[in-house]
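Remarks on the overall topology
Here are the chains, one letter per residue:
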Amino acid sequence: MSFETILLDKQDGVGLITLNRPDALNALNSVLVSELISCLNDLQADDDIGAIVITGSEKAFAAGADIKEMAGKTYATVLEEDMFGNATKAFRDIRKPVIAAVAGYALGGGCELAMCCDFIIAAQNAKFGQPEIKLGVIPGIGGTQRLTRLIGKSKAMDMMLTGRMMDAVEAERSGLVSRILPTEDMLDGVLDIARDIAALSRPSVYLAKEATNRALETTLEEGLLFERRVFHSLFATEDQKEGMNAFVEKRQPQFKNR
Ligand SMILES: CC(C)=CC(=O)SCCNC(=O)CCNC(=O)[C@H](O)C(C)(C)COP(=O)(O)OP(=O)(O)OC[C@H]1O[C@@H](n2cnc3c(N)ncnc32)[C@H](O)[C@@H]1OP(=O)(O)O
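Nothing here was measured: the structure is a model prediction, and the numbers come from that model. Counting restarts for each chain: residues are numbered from 1 in the order of the written sequence. Only residues with pLDDT of at least 70 get local features here, since the model is predicted, and only at 80 or more are side-chain atom pairs given and counted; chain-wide, interface and lining totals rely on the full set of residues. The side-chain quantities take in all heavy atoms of the structure and omit both hydrogens and water.

Some words on empty space enclosed by the protein
Put simply, the rule reads: Cavity: a set of points on a 1 Å grid over the protein atoms alone where a 1.4 Å probe fits but cannot get out. Pocket: an open set with protein on both sides within 12 Å along at least five of seven lines, its lining residues, like those of a cavity, having an atom within 4 Å of a point. Grid points are joined across faces, edges and corners, and a volume is the space filled by probe spheres set on the points. Segments assigned H or I by DSSP are reported as helices when at least four residues long, segments assigned E as strands when at least two residues long, and all are numbered from the N terminus. For this scheme, ten residues count as nonpolar: Ala, Val, Leu, Ile, Met, Phe, Trp, Tyr, Cys and Pro. Four count as charged, namely Asp, Glu, Lys and Arg, and the remainder, Gly too, count as polar.
This structure, assessed with the given rule, holds one cavity of 30 Å³ or more. Roughly 80 Å³ of volume is contained in the largest cavity. If you trace the largest cavity, you find it lined by Leu28, Val33, Leu36, Phe84, Ala87, Phe91, Gly109, Glu112, Leu113, Cys116 and Ile141. Secondary-structure elements contributing two or more residues to the lining of the largest cavity are helix H1 (30-45), helix H4 (85-93) and helix H5 (109-116). With four residues, the top contributor of residues to the lining of the largest cavity is H5. Taken together, the residues of the lining of the largest cavity sort by class into nine nonpolar, one polar and one charged.

Concerning the site of the ligand
Note the threshold: For this purpose, a residue is taken to be near a molecule or strand whenever a single non-hydrogen atom of the residue falls within 4 Å of it. What qualifies as a polar contact is a pair of N or O atoms within 3.5 Å, subject to a donor-acceptor requirement within protein and to the restriction that residues adjacent in sequence count only when both atoms come from side chains. Computed with the Shrake-Rupley method and a 1.4 Å probe, the accessible areas treat only the protein chains shown as cover for residues.
Taken together, 22 residues lie near the ligand, and Lys59, Ala65, Ile67, Lys68 and Gly109 sit nearest. Here an oxygen atom of the ligand sits 2.7 Å away from a polar atom, N or O, in the main chain of Ala65. Contact between the ligand and Lys68: an oxygen atom at 2.9 Å from a side-chain N or O atom of the residue. Notes on the ligand: free accessible area 980 Å², of which the protein chains cover 65%. Among the elements that line the shell around the ligand, the one with the most residues is helix H2 (residues 67-70), at three residues.

Notes on the layout of surface pockets
Where empty space is left becomes clear once a probe the size of a water molecule has been rolled over the atoms. Counted as a void, the largest pocket has a volume near 1,200 Å³. Every residue lining the largest pocket is counted, 37 residues in all, and those nearest its centre are Cys117, Asp118, Lys209, Asn213 and Leu216. Residue contributions to the lining of the largest pocket peak at nine residues, all from helix H10 (residues 202-214). Grouping the constituent residues of the lining of the largest pocket by class yields 20 nonpolar, eight polar and nine charged. In this structure, the second largest pocket spans a volume of roughly 530 Å³. Forming the walls of the second largest pocket are 24 residues, and the residues nearest its centre are Met70, Met83, Phe84, Val137 and Ile138. Grouping the amino acids of the lining of the second largest pocket by side-chain chemistry returns 16 nonpolar, five polar and three charged.

A look at the packing of helix H6 (residues 143-151) against helix H7 (residues 153-162)
Relative orientation and spacing of two packed helices are given, respectively, by the angle between their axes and the distance between those axes. Note the cut-off: Orientation is described by axes fitted as lines to C-alpha atoms, over the contacting stretch for helices, and by angles from 0 to 180 degrees between their N-to-C directions. Oblique is the label for every angle not falling under 35 degrees (roughly parallel), over 145 degrees (roughly antiparallel), or within 65 to 115 degrees (roughly perpendicular). In this scheme the crossing of two helices becomes right-handed for a clockwise turn of the near helix relative to the far one and left-handed for an anticlockwise turn of less than a right angle. Contact definition: two residues touch when any of their heavy atoms are within 4.5 Å.
Where H6 contacts H7, the two axes come as close as 7 Å, and the packing angle between them is 140°. The orientation of H6 relative to H7 falls into the category oblique. Of the two elements, H6 crosses H7, and the hand of that crossing is right-handed. On the side of H6, the interface is formed by Gly143, Thr144, Leu147, Thr148 and Ile151, while H7 contributes Lys153, Lys155, Ala156, Met159 and Met160. For the contact of H6 with H7, the residue count by class is five nonpolar, three polar and two charged.

Regarding the packing of aromatic side chains
Filter applied, for reference: Stacked, tilted and edge-to-face pairs are distinguished by plane angle, under 30 degrees for stacked and over 60 for edge-to-face with tilted covering the rest, among Phe, Tyr and Trp rings (Trp via its six-membered ring) whose centres lie within 6.5 Å. Classification of residues uses two cut-offs on accessible area relative to the type maximum, computed with a 1.4 Å probe and protein chains only: under 20% is buried, over 50% is exposed, and between them is partly exposed. In this analysis the charged atom, NZ for Lys or CZ for Arg, is taken to sit over a ring once it is within 6 Å of the ring centre and within 35 degrees of the ring normal.
Tallied over the entire structure, the rule returns one aromatic pair. Measuring from ring centre to ring centre gives 5.3 Å for Phe231 and Phe235, while their planes differ by 85°; the resulting arrangement is edge-to-face. Taking relative accessible area as the criterion, Phe231 reaches 46% and is therefore assigned partly exposed. In this structure Phe235 comes out as partly exposed when scored by relative accessible area, which is 37%. Its end group placed over the ring of Phe226, Arg214 keeps NZ or CZ at 3.9 Å from the ring centre.

Some points on a nonpolar patch on the surface
Here is the rule: Patch members must show over 30% relative accessible area and no salt bridge, and they are joined within 9 Å when carrying like charges or within 5 Å when they are nonpolar side chains of Val, Leu, Ile, Met, Phe, Trp or Tyr. Basic side-chain nitrogens of Lys or Arg form a salt bridge, by our definition, when they fall within 4 Å of a carboxyl oxygen of Asp or Glu.
Residues Ile133, Ile138, Met157 and Leu161 make up a contiguous nonpolar surface patch of roughly 390 Å² in combined accessible area. Judged by relative accessible area, Met157 falls into the partly exposed class, the value being 40%.

Comments concerning the side chain of Ser174
The residue Ser174 is located in helix H8 (residues 168-174) in this model. Polar side-chain contacts of Ser174 include one of 2.5 Å to the backbone oxygen of Glu170. Residues contacting Ser174, with those up to four places away along its chain left out, are Leu150, Ile151, Lys155 and Met166.

Description of H6
Note the cut-off: Picture the helix axis, draw a direction to every C-beta atom, and the arc is the one those directions span.
Looking only at H6, the buried set comprises Gly143, Leu147 and Ile151. Here the buried residues of H6 occupy an arc of 20° about the axis, which is enough to place them on one side. Buried residues along H6 sit in contact with H5, H7, strand E9 (165-167) and H8. Just past H6, the residue Gly152 takes up positive phi, approximately 90°.

Structure follows, in structure tokens:
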């Protein structure tokens with residue numbers, strides 16, 4: 001597959017999606033969004049892939065939705081096309097883990113895209129923000145909901161209402177990103193992490209993701225029951241036997257994803 005705005009690479013069980021609109025700081029136009037969705041669907045369907053990484057350039061993960069493309073649109077057109085509804089649905093359907101590897105600007109839709117991923121690893125030079133308020137709009141790819149859940153209401157309101165940027169250190173302290181890596185080594189570091197995840201037992205990886213996401217969507221009692229039942233169900237897999245026997249026998253497990 002070849003794309004206009006994205007580079008797709010598959011190696012060692014990892015699908016690497018690189019946003020590639022250097023002249024527009026990877027602004028998310030409709031072509032890029034639709035190519036991104038195609039890549040995600042392709043990687044989900046590919047049995048050789050166990051984890052997905054989304055990245056941009058050293059200057060910008062993505063500087064937001066494409067303002068030039070949006071500027072002339074009317075209420076009727078964005079409602080009719082359900083602008084960004086397709087991206088939200090695509091991420092909801094991805095069962096494989098997706099890691100955002102963020103260097104440079106992750107603003108507006110760029111920050112929202114990173115938050116659609118399962119976790120975010122930031123380069124030291126990363127800058128996050130939701131500046132939509134300065135354009136007379138608000139976030140539209142989940143920013144008000146996901147940022148608030150990740151960093152709490154007070155800081156999320158600060159970001160939404162001022163449109164200011166936060167650096168990588170503040171983002172890690174706030175819980176938006178899981179770790180910070182040196183800018184020049186960030187992508188290699190994330191790919192190492194993704195390769196390790198891709199080598200794990202796929203049923204347990206899928207179910208760990210599902211159970212962790214439940215924590216944001218249900219009551220504690222329901223979530224605990226869901227987790228316990230899923231945990232029990234994994235004892236029906238060959239990989240549970242392999243994983244535990246390998247530990248006892250002091251060797252590396254060979255998972256078969258069943
Ligand atoms: C509404 C929803 C749902 C979501 C949104 O995301 S709205 C957009 C939110 N993002 C922003 O408001 C950020 C806009 N960009 C900037 O403020 C700056 O570009 C910057 C601070 C990220 C970087 O500034 P810098 O001076 O280093 O670079 P520029 O010369 O400004 O940019 C280079 C090149 O990229 C084009 N660009 C940047 N961001 C966007 C964007 N979001 N949409 C379209 N194009 C963008 C910029 O115009 C310039 O291209 P030209 O020189 O050809 O104009």
